[in-house]
Amino acid sequence: MDSLCLFCGGQLMLFGPRLNYEYHICKSCKTIQLLPMPTEEDIISAYSTEFSSAKQTEEADDPEWSTATSKPYGKAILQTLIDHKISGRIYDFGAGWGH
């Protein structure tokens, strides 16, 4: 399958599978994206079954819980970027709980 990056139009190559998804990385801009992109029905299903069944959305509604978990997560992401010498802009789309 010869597919193009949604951001820069570069060529995508397989990055790896996880759960029911297949991730691809752009050879040019290094973004990681799903291929194929989920349909609206796929997204509705994921948020109504996968996320809600784990009660993740209920916990995310609690401001104290959200703050307590967000800070270490953010620091871990920042440290990973530093460790791998990633610079420039970072586009994080759809990595939240769906709110």
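This text follows the structure it describes.
Rules behind the numbers
- Residues numbered from 1 in each chain as written.
- Predicted model: local features only at pLDDT ≥ 70, side-chain atom pairs only at ≥ 80, totals over all residues.
- Heavy atoms only, no water.
- Helix = DSSP H or I, 4+ residues; strand = E, 2+ residues; numbered from the N terminus.
- Buried < 20%, exposed > 50% of the residue type's maximum accessible area, 1.4 Å probe, protein only.
- Contact = heavy atoms within 4.5 Å.
- Areas by Shrake-Rupley, 256 points an atom, 1.4 Å probe, with all protein chains shown as cover.
- Patch = residues over 30% accessible without salt bridge, like charges linked within 9 Å, V, L, I, M, F, W, Y side chains within 5 Å.
- Salt bridge = Lys/Arg side-chain N within 4 Å of Asp/Glu carboxyl O.
- Polar contact = N/O pair within 3.5 Å; in protein donor to acceptor, adjacent residues only side chain to side chain.
- Disulfide = S-S within 2.5 Å.

Can you walk me through the overall build of the protein chain in this structure?
Of the regular secondary structure elements, the protein chain holds 3 helices and 3 strands. Starting at the N terminus and walking to the C terminus, you meet the elements of the protein chain as β-β-β-α-α-α. Counting only residues that meet the buried cut, the protein chain has 13% of its 99 residues in that class. Residue pairs in contact within the protein chain that sit at least 24 positions apart in sequence constitute 33% of those at least 6 positions apart. For the protein chain, the computed accessible surface area is about 8100 Å², with 57% contributed by carbon and sulfur atoms.

Just to check I follow, could you spell out a nonpolar patch on the surface for this structure?
On the surface, a cluster of nonpolar side chains totalling about 330 Å² of accessible area is made up of Leu-6, Phe-7 and Met-37. Relative to the helices and strands, Phe-7 resides in the segment before β1 (12–18).

Can you help me understand the side chain of Gln-33 in this one?
Tracing the backbone shows Gln-33 in strand β3 (residues 32–34). Judged by its relative accessible area of 7%, Gln-33 falls in the buried class. A polar side-chain atom of Gln-33 sits 3.1 Å from the main-chain amide nitrogen of Leu-6. Every residue in contact with Gln-33, bar those within four places of it in the chain, is listed here: Leu-4, Cys-5, Leu-6, Phe-7, Leu-12, Glu-22, Tyr-23 and His-24.

Would you mind going over the state of the cysteines with me for this structure?
What we call a disulfide is simply a covalent bond connecting the sulfur atoms of a pair of cysteines. Inspection of the entire model under this criterion finds 0 disulfides. Cys-29 carries a free sulfur, and the closest cysteine sulfur to it, the one in Cys-5, is 3.7 Å from it.

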